[in-house]
Amino acid sequence: MRAAGAKLRKFQADTDLELFAVSPADAAAEAVSNRDNQVYFGKGAISLREGDVVLDCGANVGSFARMAAPVIGPTGTIYCLEPMPDVCTALKLNIIKYKEWADQRKLKVANVEAICAGVGDEGSQPEREFAYYPRLTAMSSMYPDEADAAQATFSLVLHRPQSFSLLEDCGKAVARCSPQLYKLVHSLFFRGLLLRPAEKVMCPMVTVSQLIRQYNIKEVGLLKINVERAEWDVLAGIQEQDWPKVRQVSAQVHDIRGRVGHLAALLRRRGFQVTVCQEPRFASCNLHMVYGCRP
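Residues numbered from 1 in each chain as written. Predicted model: local features only at pLDDT ≥ 70, side-chain atom pairs only at ≥ 80, totals over all residues. Heavy atoms only, no water.

An unreviewed UniProt entry annotates the chain as Methyltransferase FkbM domain-containing protein of Tetradesmus obliquus.

Given below as structure tokens:
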């Protein structure tokens, strides 16, 4: 079972904005990705409107929300769903810090609310067990697959131009000399260095339809999904009468047993125009982006 609450550490979210995370290198990488190469909107015909309601499933420490908040403005709302209690503590602090930062710059941003819960399907239990990795919190999942996580991080080291830790610096140096040697080293040491200690955490669960009812949401402007192999569960938690309320979907999908194709087909059946692509940084793993928007 999990230990006492983890210590939060600062990371540089922007040139003049310091925020908090359990694993700061991981959070800094996510911040740069969302700032410099935003993939959840502005791609695949996905666009945000002023006043939109956004469901951020798998919010981590809030990097996506910071990018979306100025776009949808003060009449918009972002509900950030993050199941890991320690990470959600950082998320709540970061929401406050970001609002103060925005107010100082007279930047009009959306209301952002943190909800400490995972997002599941209609048959989900009120609580589910997650594997929590304090050294690499973004890989925490209720469907842990350490080999899959290792392949994703291998792809990042190989293809991502930036480095966010001394460990990644060393990995990139070895990979430049011999990608095959680095793949061997990575497979041998990744789990011990970044996925240990692994903790079991019981997390409360909600569904998209429960959120729609609880917050009286008339339209979900964007359903953003980054939930580490639980993306199908999120969509299975949308009741029949609520599908027309979802205008757009942006999902990072693990292509396990043809999941990308199945998920794209589901969205098409629900009336979405679908685009599938793969980010260059994930060229050596099974991660793809699936976009669905109403015509």
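More follows now that the structure is in view.
Engineer: How should I be thinking about the overall build of the chain in this particular structure?
Structural biologist: The helix and strand inventory of the chain stands at nine helices and twelve strands. Expected size for 295 residues packed as a compact globule is a radius of gyration near 19 Å; at 18 Å, the chain falls within 12% of this value. The principal-axis extent of the C-alpha atoms belonging to the chain is close to 50 × 45 × 40 Å. The buried share among the 295 residues of the chain stands at 56%. Here the contacts in the chain between residues at least 6 apart in sequence split such that 73% fall between residues at least 24 apart. Entry remark: accessible area of the chain is about 13,100 Å², with carbon and sulfur atoms responsible for 55%. If the 36 positive side-chain charges of the chain are averaged to one point and the 32 negative ones to another, these points end up 2 Å apart. (Helix = DSSP H or I, 4+ residues; strand = E, 2+ residues; numbered from the N terminus. Rg over C-alpha atoms; globule rule 2.2 N^0.38 Å. Buried < 20%, exposed > 50% of the residue type's maximum accessible area, 1.4 Å probe, protein only. Contact = heavy atoms within 4.5 Å. Areas by Shrake-Rupley, 256 points an atom, 1.4 Å probe, with all protein chains shown as cover. Lys, Arg positive; Asp, Glu negative; His and termini not counted. Charge placed at Lys NZ, Arg CZ, Asp CG, Glu CD.)

Engineer: Just checking my understanding: could you explain the UniProt feature "domain: Methyltransferase FkbM" (unreviewed entry) in the chain for this structure?
Structural biologist: Sequence positions flagged by UniProt for "domain: Methyltransferase FkbM" (unreviewed entry) are, in local numbering, residues 56-273. Annotated as 44% helix and 18% strand, the span residues 56-273 places its first and last C-alpha atoms 21 Å apart. (UniProt positions renumbered as here; feature names shortened; annotations may be inferred.)

Engineer: Whenever I open this one, the sheet that holds strand E6 (residues 118-119) confuses me. Can you help?
Structural biologist: Strand pairing in a sheet takes place through backbone hydrogen bonds and is either antiparallel or parallel in direction. The three strands lie next to each other as E6-E8-E7, forming an open sheet whose pairing is mixed. Strands with a single pairing partner mark the edges of an open sheet, and in this sheet they are E6 and strand E7 (127-132). Here two bridges tie E6 to strand E8 (residues 199-206), and the two strands are oriented parallel to one another. Across the sheet, residue Gly-118 finds its bridge partner in E8, namely Met-205. (Pairing = 2+ DSSP bridges.)

Engineer: Just to check I follow, could you spell out the domain arrangement of the chain for this structure?
Structural biologist: Reports of interface size often rely on the accessible area that becomes lost once the parts have come together. We note that the domain assignment places domain 1 (9-129 + 200-293) and domain 2 (144-199) within the chain. Each of domain 1 and domain 2 has a C-alpha centre, and the two are 25 Å apart. Opposite the 17 residues of domain 1 that make contact, domain 2 presents 17 residues. Summed over both partners, the interface of domain 1 with domain 2 comes to about 1,200 Å²; 57% of that surface belongs to carbon and sulfur atoms. On the domain 1 side of the contact with domain 2, Arg-229, Arg-281 and Ser-284 bury the most area, a combined 40% of that side's loss. For the interface between domain 1 and domain 2, the tally reads one salt bridge. For Arg-229, the salt bridge goes to Asp-148, with nearest N and O atoms at 2.8 Å. Listed by contribution, the elements that provide at least two residues to the side of domain 1 that touches domain 2 are helix H1 (24-36) and E8. Per element, the largest residue contribution to the side of domain 1 that touches domain 2 is four residues, and it comes from H1. (Domains from an automatic or database assignment. Buried area = accessible area lost by both parts, 1.4 Å probe. Salt bridge = Lys/Arg side-chain N within 4 Å of Asp/Glu carboxyl O.)

Engineer: Just to check I follow, could you spell out the sheet that holds strand E4 (residues 77-81) for this structure?
Structural biologist: In spatial order, the strands read E5-E4-E3-E9-E10-E12-E11; together these seven strands make up an open sheet with mixed pairing. Strands with a single pairing partner mark the edges of an open sheet, and in this sheet they are strand E5 (111-115) and strand E11 (273-277). Looking at each pair of strands side by side, their axes are set apart by 15° on average, direction ignored. Relative to E5, E4 runs parallel, the two being bridged by five bridges. Bridge pairing in E5 links Ile-78 to Val-112. Across the sheet, helix H2 (residues 63-72) is in contact with strand E3 (53-57), E4, E5 and strand E9 (222-225); its angle to E4 comes to roughly 165°. (Axes fitted to C-alpha atoms, helices over the stretch in contact; angles between N-to-C directions.)

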